[in-house]
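Notes for the structure review
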Amino acid sequence: MRPTLRPDAVLVQAVIAGALSFAHLHDLAEAAGQTGWKAWAYPVSVDLLLVAAWHRLRSLRAAGTSARSAWTWFTVALAASLGANIATAGLLDLGHVPAWLRILVAGWPALAFLGGTLLVHSPGHPAVAQPAEPSRDTEEPAAMEAAIERDDAVEPDPEIAVVPVLPSPEPEPVPELAPVPEPAPVAVPPALVAHARKVADDYRARTGYPIDVDTLRARLGVPPLMANAIAAQLA
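Along each chain, residue indices are assigned from 1 in the same order as the chain's sequence is written. It should be noted that, the model being predicted, local features are given only for residues of pLDDT at least 70 and side-chain atom pairs only at 80 or more, the latter also being counted only at that level, while totals for whole chains, interfaces and linings use all residues. As a rule here, side-chain values cover all heavy atoms of the structure and leave hydrogens and water aside.

1. Considerations on the layout of surface pockets
In plain terms, the rule: Method remark: on a 1 Å grid restricted to protein atoms, a set of points is classed as a cavity if a 1.4 Å probe fits but cannot get out and as a pocket if it is open with protein on both sides within 12 Å along at least five of seven lines; lining residues have an atom within 4 Å of a point. Grid points are joined across faces, edges and corners, and a volume is the space filled by probe spheres set on the points. Strands here are runs of E lasting at least two residues and helices are runs of H or I lasting at least four, both read from the DSSP assignment and numbered beginning at the N terminus. Only Asp, Glu, Lys and Arg are considered charged in this grouping, and only Ala, Val, Leu, Ile, Met, Phe, Trp, Tyr, Cys and Pro are considered nonpolar; every other residue, Gly among them, is considered polar.
Computed from the structure, the largest pocket encloses a volume of approximately 320 Å³. What lines the largest pocket is a set of 16 residues, and nearest its centre among them are Leu28, Ala80, Leu101, Leu104 and Val105. Sorting the residues of the lining of the largest pocket by element identifies α1 (9-31), α2 (37-63), α3 (68-91) and α4 (99-120) as the ones contributing at least two each. Element by element, the count of residues in the lining of the largest pocket is highest for α3, at six residues. Taken together, the residues of the lining of the largest pocket sort by class into 15 nonpolar, one polar and no charged. For the second largest pocket, the calculated volume is near 200 Å³. Taken together, Arg197, Ala200, Asp201, Arg204, Pro210, Ile211, Asp212, Val213, Leu216, Ala231, Leu234 and Ala235 make up the full set of residues lining the second largest pocket.

And the structure:
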């Protein structure tokens, strides 16, 4: 069964737009003094530069590299095509083309040649050379020679001398500490004991708590041993 041919609206639109742009470029070049075959070569040059820049742009983007140069020449070709369309829309008198436009049209071939050359002959990414795999015929003898060299290079382990185990030294005896002699009892005069009892009773009446040794010693003005002896008699 033969496939049915269906017209593509996008393709038809592209053909119409290309034909109109082609005619506008031809009319502008002819008005700028480029007659004959030269006027027909200008639209071909602009369209080819546009297609080459777009192809280079897609290649660089697929490779993940910067496409700044391709964008630049694509913009230049698009500006030339768009400028011709606008100039021939009645905004420019094609019977009296200004001098600057004649200069641009005359200089376009050199600019297009430079852009096409840079786009086509730009250095690409060199392919990374993969290391060649060694053949089995050369790999096995080399591995055997390396193993033999390693065996020759290994020296026999030296004999380990047996060190006799020395007896552990006996711990030195710890000298016994002499007992601390108990302090001799302190003689307390009965009058001092009676005075201390009055001080203790007065302290309990004012505070509600029994007097402690430090306070008793401070009130009586006696040394610590005597204060402890008095406190023992008051308890």
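After that view, the rundown keeps rolling.
2. A closer look at the side chain of serine 81
Applied cut-off: A 1.4 Å probe rolled over the protein chains alone gives each residue an accessible area, and that area as a share of the maximum for its type sets the label: buried under 20%, exposed over 50%, partly exposed in between. In this analysis, two residues are considered to be in contact whenever any of their non-hydrogen atoms come within 4.5 Å of each other.
Within the secondary structure, serine 81 sits in helix α3. Serine 81 sits in the buried class, given a relative accessible area of 9%. Beyond its immediate stretch of four places on either side in the chain, serine 81 contacts Ser21, Leu25 and Val46.

3. What about the environment of alanine 232?
You can see alanine 232 is positioned in helix α8 (residues 224-234). Taking the C-alpha atoms as reference points, alanine 232 and valine 213, 19 residues apart in sequence, are found 9.5 Å from one another.

4. So, the nonpolar core
Inclusion rule: Definition used in this section: a nonpolar core is a set of buried Ala, Val, Leu, Ile, Met, Phe, Trp, Tyr and Cys residues joined via side-chain atoms within 4.5 Å.
By size, the foremost hydrophobic cluster in this structure holds 25 residues, and its most contacted members are Leu49, Val105, Trp108 and Leu119. Mapped onto this core, the elements with two or more residues apiece are α1, α2, α3 and α4. Setting aside its immediate chain neighbours within four residues, tryptophan 108 contacts Tyr42, Ser45, Val46, Leu49, Val76, Ala77 and Ala80. The next biggest cluster of nonpolar side chains, apart from the first, holds 14 residues, and it includes Ala200, Ala227, Ala229 and Ile230.

5. Topic: the packing of α3 against α4
For clarity, the threshold we go by: The axes used here are C-alpha line fits, helices contributing only the stretch in contact, and every angle between their N-to-C directions lies in the interval 0 to 180 degrees. Put simply, angles under 35 degrees are roughly parallel, angles over 145 are roughly antiparallel, angles from 65 to 115 are roughly perpendicular, and the rest are oblique. Here is the rule for handedness: rotate from the far helix to the near one, and if that takes an anticlockwise turn smaller than a right angle the crossing is left-handed, while a clockwise turn gives right-handed.
Close contact between α3 and α4 brings their axes to 10 Å; oriented N to C, the two are set at 150°. Relative to α4, α3 is oriented roughly antiparallel. Seen along the crossing, α3 lies across α4 with a hand that is left-handed. Along its contact with α3, which presents Ala70, Trp73, Val76, Ala77 and Ala80, the element α4 presents Trp108, Leu111, Leu114, Gly115, Leu118 and Leu119. When grouped by side-chain class, the residues that make up the contact of α3 with α4 number 10 nonpolar, one polar and no charged.

6. Details of the pattern of salt bridges
Inclusion rule: For this document, the term salt bridge refers to a Lys or Arg side-chain nitrogen within 4 Å of an Asp or Glu carboxyl oxygen.
In this structure the tally under the stated criterion is one salt bridge. A salt bridge links arginine 206 to aspartate 202, with the shortest nitrogen-to-oxygen separation between them at 3.2 Å. Taken together, the residues arginine 206 and aspartate 202, both in helix α6 (residues 190-207) and four residues apart, mark about one turn of the helix. Since its relative accessible area comes to 41%, aspartate 202 is described here as partly exposed.

What is shown is where atoms sit, not what they do.
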